[in-house]
Amino acid sequence: MGLATPVLLAPDKFKGSLTAAEVAAALADGIRRVAPGVDVRQAPVADGGDGTVAAALASGFQPVPVTVSGPLGEPVDTAIAVRDRTAVVELAAASGLALLPPDRLDPLRASSLGTGQALRAALDAGADTIVLGVGGSACTDGGAGLLAALGARLTDAAGRPLPPGGGPLARLESVDLSDLDRRLADREIVLASDVDNPLLGSHGAARVYGPQKGVGPEQVAELERSLERWARAVVAAGGRDAAAQPGAGAAGGVGFAALSVLGARMRPGVEVVLELAGFERLLAGSGLVVVGEGSLDEQTLRGKGPAGVAARARAAGIPVVAVVGRCRLSAAQLREAGIADVYALVDLEPDSQRCVQQAAPLLGRVGEQLARDWLSGT
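Residues numbered from 1 in each chain as written. Predicted model: local features only at pLDDT ≥ 70, side-chain atom pairs only at ≥ 80, totals over all residues. Heavy atoms only, no water.

- An unreviewed UniProt entry lists the chain under the name Glycerate kinase, with Saccharopolyspora rectivirgula as the source organism.
- Annotation of the chain in UniProt includes, under Sequence similarities (unreviewed entry), the sentence "Belongs to the glycerate kinase type-1 family." (UniProt positions renumbered as here; feature names shortened; annotations may be inferred.)

### Focus on the overall build of the chain
Logical step 1: The number of helices and strands found in the chain is 14 helices and 13 strands.
Logical step 2: Here the C-alpha atoms of the chain give a radius of gyration of 21 Å, agreeing with the 21 Å that 2.2 N^0.38 yields for 378 residues.
Logical step 3: If one aligns the C-alpha atoms of the chain with their principal axes, the spans along those axes are about 75 × 45 × 35 Å.
Logical step 4: Looking at the chain residue by residue over its 378 residues, the buried ones come to 56%. (Helix = DSSP H or I, 4+ residues; strand = E, 2+ residues; numbered from the N terminus. Rg over C-alpha atoms; globule rule 2.2 N^0.38 Å. Buried < 20%, exposed > 50% of the residue type's maximum accessible area, 1.4 Å probe, protein only.)

### Overview of the pairing of strand β13 (residues 341–344)
Logical step 1: Sheet topology places strand β12 (residues 320–327) next to β13; four bridges connect them, and they run parallel. Each residue of the ladder has a partner; that of valine 321, found in β13, is aspartate 341.
Logical step 2: Regarding topology, helix α12 (residues 331–337) serves as the crossover connection from β12 to the parallel β13, and that connection is right-handed. (Pairing = 2+ DSSP bridges. Right-handed = clockwise from strand over helix to strand, strands pointing away.)

### Considerations on the sheet that holds strand β4 (residues 75–83)
Sheets are built from strands paired through backbone hydrogen bonds, the pairs being either parallel or antiparallel.
Logical step 1: Ordered by their spatial adjacency, six strands build an open sheet running β3-β4-β5-β6-β9-β10, and the pairing between neighbours is mixed. Unpaired on one side and paired on the other, β3 (62–69) and β10 (265–268) mark the two borders of the sheet. Sheet twist, expressed as the average angle between the axes of neighbouring strands with direction ignored, equals 30 degrees.
Logical step 2: Lying on the sheet, helix α4 (residues 113–124) is in contact with β3, β4, β5 (86–90) and β6 (129–133); it crosses β3 at an angle near 140 degrees.
Logical step 3: Taken strand by strand, helix α9 (residues 269–276) contacts β4, β5, β6, β9 (188–193) and β10, and its axis lies near 85 degrees from that of β10. (Axes fitted to C-alpha atoms, helices over the stretch in contact; angles between N-to-C directions. Contact = heavy atoms within 4.5 Å.)

### A few points about the sheet that holds strand β1 (residues 7–9)
Logical step 1: Ordered in space as β2-β1-β11-β12-β13, the five strands form an open sheet in which the pairing is parallel. Where the open sheet ends on each side, the last strands, each with one partner, are β2 (40–42) and β13. Pairs of neighbouring strands in the sheet enclose a mean axial angle of 25 degrees, with direction left out of account.
Logical step 2: Taken together, the three bridges between β1 and strand β11 (residues 288–296) define a ladder with parallel strand orientation. Bridge pairing links leucine 8 to valine 289 in β11.
Logical step 3: Contacting β11 and β12, helix α11 (residues 305–315) runs over the sheet at an angle of about 160 degrees to β11.

### Let's talk about helix α1 (residues 20–34)
Logical step 1: With 15 residues, α1 extends 22 Å from end C-alpha to end C-alpha; this agrees with the ideal 21 Å at 1.5 Å per step.
Logical step 2: Of all the positions in α1, only Ala20, Val23, Ala24, Ala26, Leu27, Ala28, Gly30 and Ile31 are classed as buried. (Expected span 1.5 Å × (residues − 1).)

### Looking at the layout of surface pockets
Logical step 1: Of the pockets and cavities examined, the second largest pocket occupies roughly 210 Å³.
Logical step 2: Taken together, 16 residues make up the lining of the second largest pocket; nearest its centre are Ala144, Ala148, Leu154, Leu162 and Pro163.
Logical step 3: Of all the elements in the fold, those that place two or more residues in the lining of the second largest pocket are α5 (144–149) and β7 (153–155).
Logical step 4: In terms of residue class, the lining of the second largest pocket is built from 10 nonpolar, four polar and two charged. (1 Å grid on protein atoms, 1.4 Å probe; cavity = no way out; pocket = protein on both sides within 12 Å on 5 of 7 lines; lining within 4 Å. Points joined across faces, edges and corners; volume = space filled by probe spheres on them. Nonpolar A, V, L, I, M, F, W, Y, C, P; charged D, E, K, R; others polar.)

### Structural notes on the domain arrangement of the chain
Many descriptions give the size of an interface as the accessible area lost when the pieces come together.
Logical step 1: Domains assigned within the chain are domain 1 (7–43 + 283–376) and domain 2 (52–269).
Logical step 2: Of note, the centres of domain 1 and domain 2, computed from C-alpha atoms alone, are 32 Å apart. (Domains from an automatic or database assignment.)

### Points about the nonpolar core
Logical step 1: Ranked by size, the top nonpolar core spans 64 residues in total, and within it Leu119, Leu154, Trp230, Phe256 and Leu262 carry the most contacts.
Logical step 2: With seven residues, helix α7 (residues 217–236) is the single largest residue contributor to this core.
Logical step 3: Excluding its chain neighbours within four sequence positions, the residues that come into contact with leucine 154 are Ala144, Arg160, Pro161, Leu162, Leu169, Leu172, Ser174, Val175 and Trp230. (Core = buried A, V, L, I, M, F, W, Y, C linked by side-chain atoms within 4.5 Å.)

Below you can see the structure in the form of structure tokens.
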């Protein structure tokens with residue numbers, strides 16, 4: 001139907017297949033093969049989970065390598081992103097479920113210690129503002145590991161330090177925050193998350209997200225009791241009573257630690273990432289916006305990257321199309337989200353496994369078709 005350019009490519013990752021930057025690059029290649037004169041702008045996005053640091057790096061942040069303790073204590077080489085005096089820390093890259101093979105899940109021992117170490121690296125880098133992107137965690141430890149890495153002491157009734165993980169919190173007797181890194185006092189911590197669950201209860205961290213991390217029914221109850229004990233101890237140590245606050249249940253309760261002890265301010269992850277990327281500047285003058293992710297479904301509409309991008313583009317009067325692995329939204333839901341058209345890889349390759357394996361060339365073909373359908377002069 002022919003629209004004016006530039007085109008702004010702002011996809012999220014295709015989980016298990018391509019990063020957001022790789023998705024954007026594959027689409028751009030396809031578009032340029034059909035419309036070589038088109039100004040194609042690339043702004044890969046994320047919602048606070050895995051890919052958040054990559055999105056920051058794509059927008060001009062610089063990587064700072066750091067080696068941290070992984071979810072079960074193994075060394076993990078990762079990076080934070082730094083620009084000026086702002087740093088981006090991604091929990092998924094330090095304490096993420098994707099770091100563990102399916103046969104090594106250990107939900108009672110998994111810890112957020114590495115995320116705290118990455119946050120400390122951001123302090124060492126001189127950051128005044130630290131964006132803590134949470135999502136995709138392997139742990140359900142209430143952020144105990146995060147705080148331990150920053151100087152908190154967790155002890156049992158005999159005064160012995162607790163080992164990492166949510167399970168040992170059942171033996172927690174006291175929390176000492178007196179040696180918490182003093183640099184935190186005058187730093188702004190932004191909790192970037194698309195999760196608004198509380199820490200405890202039927203919608204809490206253990207019951208809702210625990211099963212995704214290998215937690216069985218009995219372990220859910222055990223972790224719930226441990227998190228209750230943890231929350232009481234943190235408040236007794238001087239932390240805010242934030243267990244019921246939206247976002248406290250994010251990343252197995254890391255949200256609680258950030259809100260209660262670090263004084264974090266919670267914001268929707270996609271909004272934070274779009275600001276870091278200078279999205280409004282890139283959006284200005286664009287004739288078409290392309291969003292994308294592996295599966296476009298009802299979860300997308302609850303604060304995921306494509307929904308956040310589409311909302312901003314729609315407010316600016318710019319049409320939006322989606323490029324996805326598969327789409328599970330109705331035509332009415334797509335209209336409500338401001339998405340004018342959808343290109344799904346399964347329409348080109350019905351075998352979902354091949355879609356995952358051959359996502360890049362398939363996206364190139366989609367880019368070609370998108371250019372024919374939407375760009376002027378093609």
